[in-house]
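Given next are the chains, with one letter for each unit.
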Number of protein chains: 2
Amino acid sequence: MSEQTLIQKYFSRHNAVCENIEVSVGDDAAIVCPSSKKKLVVTTDTLNVGIHFYPDCKPEYIGHKSLAVNLSDIAAMGAKPLWATLSLSLPDINHDWLKMFSNGFYALADQYNLKLIGGDMVKGPLSVTIQIIGSIEANQELLRSNCEIDDLLYVTGYLGDAAFGLKLLQNNNHVDVHSNDKEYFLNRLNLPNPRLDIANNINSYAHAAIDISDGFIIDLQRMLTASNKGAEISLDKIPISTSMKKIIKNEDDMKELLTGGEDYELIFSISENDKNKLEAYSENEKIMLTEVGKIVKGSQISLTNNGIHTDIPQFKGFDHF
Amino acid sequence: MSEQTLIQKYFSRHNAVCENIEVSVGDDAAIVCPSSKKKLVVTTDTLNVGIHFYPDCKPEYIGHKSLAVNLSDIAAMGAKPLWATLSLSLPDINHDWLKMFSNGFYALADQYNLKLIGGDMVKGPLSVTIQIIGSIEANQELLRSNCEIDDLLYVTGYLGDAAFGLKLLQNNNHVDVHSNDKEYFLNRLNLPNPRLDIANNINSYAHAAIDISDGFIIDLQRMLTASNKGAEISLDKIPISTSMKKIIKNEDDMKELLTGGEDYELIFSISENDKNKLEAYSENEKIMLTEVGKIVKGSQISLTNNGIHTDIPQFKGFDHF
């Protein structure tokens, strides 16, 4: 079956004429018409079999997650997603696989009105590369470099769940976890929820943001380095899910939440003046946002647990090489 | 060494502040400011080791070619390239390889003032995915679907050289080829020259275009299908390089030029009224453009050789699955 037929069959759901898309999947390239008043935000990420997911990972999960990690980068900029391209390497044609992969991809894309406008299918080891173009209004971008002294640091959601899900996959006989909790952890690993709604709510006043893909410590350190600032973090304030509370036994377990990676939550900083506004939003919308520390002079992270200094973990998070 | 350090070392040459780039490599995503009067053109292509290039292919060639195949798609739309993202899968860190790859990439990018604004480096089998965003003014897009009856069909450059280069790589002991010619064929395979200059000259009056990546016949057929038209092609008019003239012995050899793929030349159609304008441009700029046939009613390609009907080849070109 030809590449074109496969693309037509599985990846042309968004080909209907649409206000800002002139040519979608099917020509040498797509043509889109951006709004003249907005800037564009561009990101790309690749997921490889054996590195980012196991060979037996459900295709729906791969479709969802490969898009989610890119949407998470768009969220970390405070932007809205518009258009995506998808490059798919496949060892062979498996129609069931393609159907399930595309279902996972489109379910998440449709949730954010993101349109797939082009791509490529090639032979090779299973690998998914997605590029997203989003839009942002002037002065709403959340750069890593914009932290200011005395900013409050927040994280979205709960930390460490996805990394624990990965641990469960690696050691399937873990005895201490109830099946409901296991399902929760695995869902957090396989179906991360990009924080676009939050990002688009706070982007008019938040200063800086980064998404936690490699681990809280390593990603926060990247934001601090870009901002040329330090941070004080309270380990005791790190948000822990109900399922995770049953696992955590001591301070070392708590620290592990900061280095596991795969959270796809956001770290962001706001001025103390905006604290009430943010917490009212959090309460009204029932969105989990937790103040975990603040920006200070310096270049490092200093960690306390209930007010007492504690070392940051030796292993700080994942880096790709 | 961290992904960030590697990216900083090898892929941040375009990070200087630039009129339409607000944030380049280094944040969660790039921020760019498109011109309000233009539409954007978006394309992506992946090259995999063992499929699109041999494991011992020079890194400069991989850097050049992975960008060239994407620029060729931008040319086939009549657009100008602006910004690229690069996703690179590598089995391990090899600094020499990265240096040579990035040299090949940047040399071609700089030729067209294309800026690398973001990307991703991950562990995995060697694979390169590039996305390009280009721009185009209203009514200058060269769609596959715009062929009109009686349009003249042109191709750029010479056909079949790159495919013959691939044959030489596969059968290194080919005795009939002079070393100069061998070098020419291999360069045509390894260092394709995207036809951006031509595309941007003809885009105000040409009707339709497609680039020849998989083979003249299969790519022309794609354009005809999109346009719901047929074409008459004169095999005897197909442009042949000086080196190729020494190889061609008979009609079957001629037909092979139409199916080899990897040409990265353009097929485009113009109204007969614009023939003089096009040929004056070709002559003034010493650019090889050859009229090879015309658009007719129907849906198929009909082939003649010196006025006598001949069958189109059974094997029509490469398809990826």
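What you are looking at is a predicted structure, and each value in this text was computed from that prediction instead of being measured.

About the thresholds
Residues numbered from 1 in each chain as written. Chains lettered and ligands numbered in written order. Predicted model: local features only at pLDDT ≥ 70, side-chain atom pairs only at ≥ 80, totals over all residues. Helix = DSSP H or I, 4+ residues; strand = E, 2+ residues; numbered from the N terminus. Rg over C-alpha atoms; globule rule 2.2 N^0.38 Å. Buried ≥ 20, exposed ≤ 12 C-beta atoms within 10 Å, placed from the backbone. Contact = placed C-beta atoms within 7 Å. Nonpolar A, V, L, I, M, F, W, Y, C, P; charged D, E, K, R; others polar. Domains from an automatic or database assignment. Pairing = 2+ DSSP bridges. Axes fitted to C-alpha atoms, helices over the stretch in contact; angles between N-to-C directions. pLDDT = per-residue confidence, 0-100. Parallel < 35°, antiparallel > 145°, perpendicular 65-115°, else oblique. Least-squares fit on C-alpha atoms with pLDDT ≥ 70 in both.

Student: Where do I start with the overall build of chain A in this structure?
Tutor: Scanning chain A for helices and strands turns up ten helices and 13 strands. For 321 residues, the compact-globule estimate of 2.2 N^0.38 gives 20 Å, and chain A sits close to it at 20 Å. Projecting the C-alpha coordinates of chain A onto the three principal axes gives extents of approximately 65 × 55 × 40 Å. Buried residues in chain A amount to 52% of all 321 residues.

Student: Could you clarify how one ought to interpret the interface of chain B and chain A in this entry?
Tutor: By convention, interface size is frequently given as the accessible area that disappears when the constituent parts associate. Counting from both sides, the interface comprises 56 residues of chain B and, opposite them, 56 residues of chain A. At nine residues, the largest contribution of residues to the side of chain B that touches chain A is made by strand β3 (residues 39–48) of chain B. Residue classes in the side of chain B that touches chain A are distributed as 27 nonpolar, 16 polar and 13 charged.

Student: How should I be thinking about the domain arrangement of chain A in this particular structure?
Tutor: Residues and elements named next belong to chain A. When the domains of chain A are assigned, the result is domain 1 (3–136) and domain 2 (144–310). For domain 1 versus domain 2, the separation of C-alpha centres amounts to 27 Å. At the junction of the two partners, domain 1 supplies 15 residues and domain 2 supplies 16 residues. Here the side of domain 1 that touches domain 2 takes eleven residues from helix α2 (residues 59–76), the largest share from any one element. For the side of domain 1 that touches domain 2, the class distribution of residues is nine nonpolar, three polar and three charged.

Student: Looking at this structure, how should I read the sheet that holds strand β1 (residues 21–23) of chain B?
Tutor: By way of backbone hydrogen bonds, the strands of a sheet pair with one another, either parallel or antiparallel. Reading across from one edge, β5(A)-β4(A)-β6(A)-β3(A)-β2(B)-β1(B) is the order of the six strands in this open sheet, with mixed pairing throughout. The strands lining the two open edges of the sheet, one partner per strand, are β5 (115–123) of chain A together with β1 of chain B. For this sheet, the mean angle separating the axes of adjacent strands, direction not counted, is 20°. Sheet topology places strand β3 (residues 39–48) of chain A next to strand β2 (residues 30–32) of chain B; three bridges connect them, and they run antiparallel. Counted as the bridge partner of A:V42 is B:A30 from β2(B).

Student: Looking at this structure, I do not really get the confidence of the model for chain A. What am I missing?
Tutor: In low-pLDDT regions, the fine details of the predicted coordinates are not to be read closely. Looking at chain A, pLDDT values average 93 and 97% of them are 70 or higher. In the predicted assembly, ipTM is 0.92 and pTM is 0.94.

Student: Please clarify how the sheet that holds strand β11 (residues 289–296) of chain B should be interpreted in this entry.
Tutor: Residues and elements named next belong to chain B. Across the sheet, which stays open at both edges, the seven strands sit in the order β8-β10-β7-β11-β9-β12-β13 with mixed pairing between neighbours. Of all the strands in the sheet, just β8 (208–211) and β13 (308–310) have a single pairing partner and so form its edges. Geometrically, the sheet is characterised by an average inter-axis angle of 30° between neighbouring strands, direction not taken into account. Sheet topology places strand β7 (residues 152–156) next to strand β10 (residues 266–270); four bridges connect them, and they run antiparallel. Across the sheet, V155 pairs through a bridge with I267, a residue of β10. Relative to β8, helix α2 (residues 59–76) is tilted by about 170°, and along the sheet it contacts β8 and β10.

Student: I keep staring at unusual backbone geometry and nothing clicks. Help me out?
Tutor: Backbone geometry follows two general trends: most residues other than glycine have a negative phi, and most peptide bonds adopt the trans configuration. Although it is not a glycine, A:N139 adopts a positive phi angle of roughly 65°. Mapped onto the elements, A:N139 comes out in the loop between β6 (127–136) and β7 (152–156).

Student: Is there a simple way to explain the packing of helix α4 (residues 161–170) of chain A against helix α5 (residues 179–190) of chain A in this structure?
Tutor: The geometry of a pair of packed helices is captured by two quantities: the angle between their axes and the separation between those axes. All names here are of chain A. Axis separation between α4 and α5 bottoms out at 7 Å; the angle between their running directions is 110°. By the angle class used here, α4 and α5 are roughly perpendicular. Residues D161, A162, F164, G165, L166 and L168 of α4 lie in contact with α5, whose contacting residues are K182, F185, L186, R188 and L189. For the contact of α4 with α5, a count of residues per class yields seven nonpolar, one polar and three charged.

Student: Can you help me understand the relation of the copies chain B and chain A in this one?
Tutor: Two copies of a chain can be linked by a rotation about an axis combined with a shift along that same axis. Superposing chain B onto chain A takes a rotation of 180° plus a shift of 0.0 Å along the axis, which leaves an RMSD of 0.0 Å. These values place the two chain copies in the arrangement generated by a two-fold rotation axis. Judged by C-alpha distance, B:S36 is the residue of chain B that lies nearest the rotation axis, at 2.3 Å. When the interface residues of chain B are mapped onto chain A, 100% of them again lie at the interface, so the same face is used by both copies.

Student: Mind showing me how you'd approach α4(A) here?
Tutor: Because the α-helix completes a turn every 3.6 residues, residues three or four places apart line up on one side. Looking at α4(A), one finds that the buried residues are A:D161, A:A162, A:A163, A:F164 and A:G165. Buried residues belonging to α4(A) abut α5 and α8 (242–245) of chain A.

Student: Would you mind going over the environment of B:I301 with me for this structure?
Tutor: In this structure, B:I301 sits in strand β12 (residues 301–305). Along the backbone, B:I301 and B:L98 are 203 residues apart, and their C-alpha atoms lie at a distance of 44 Å.

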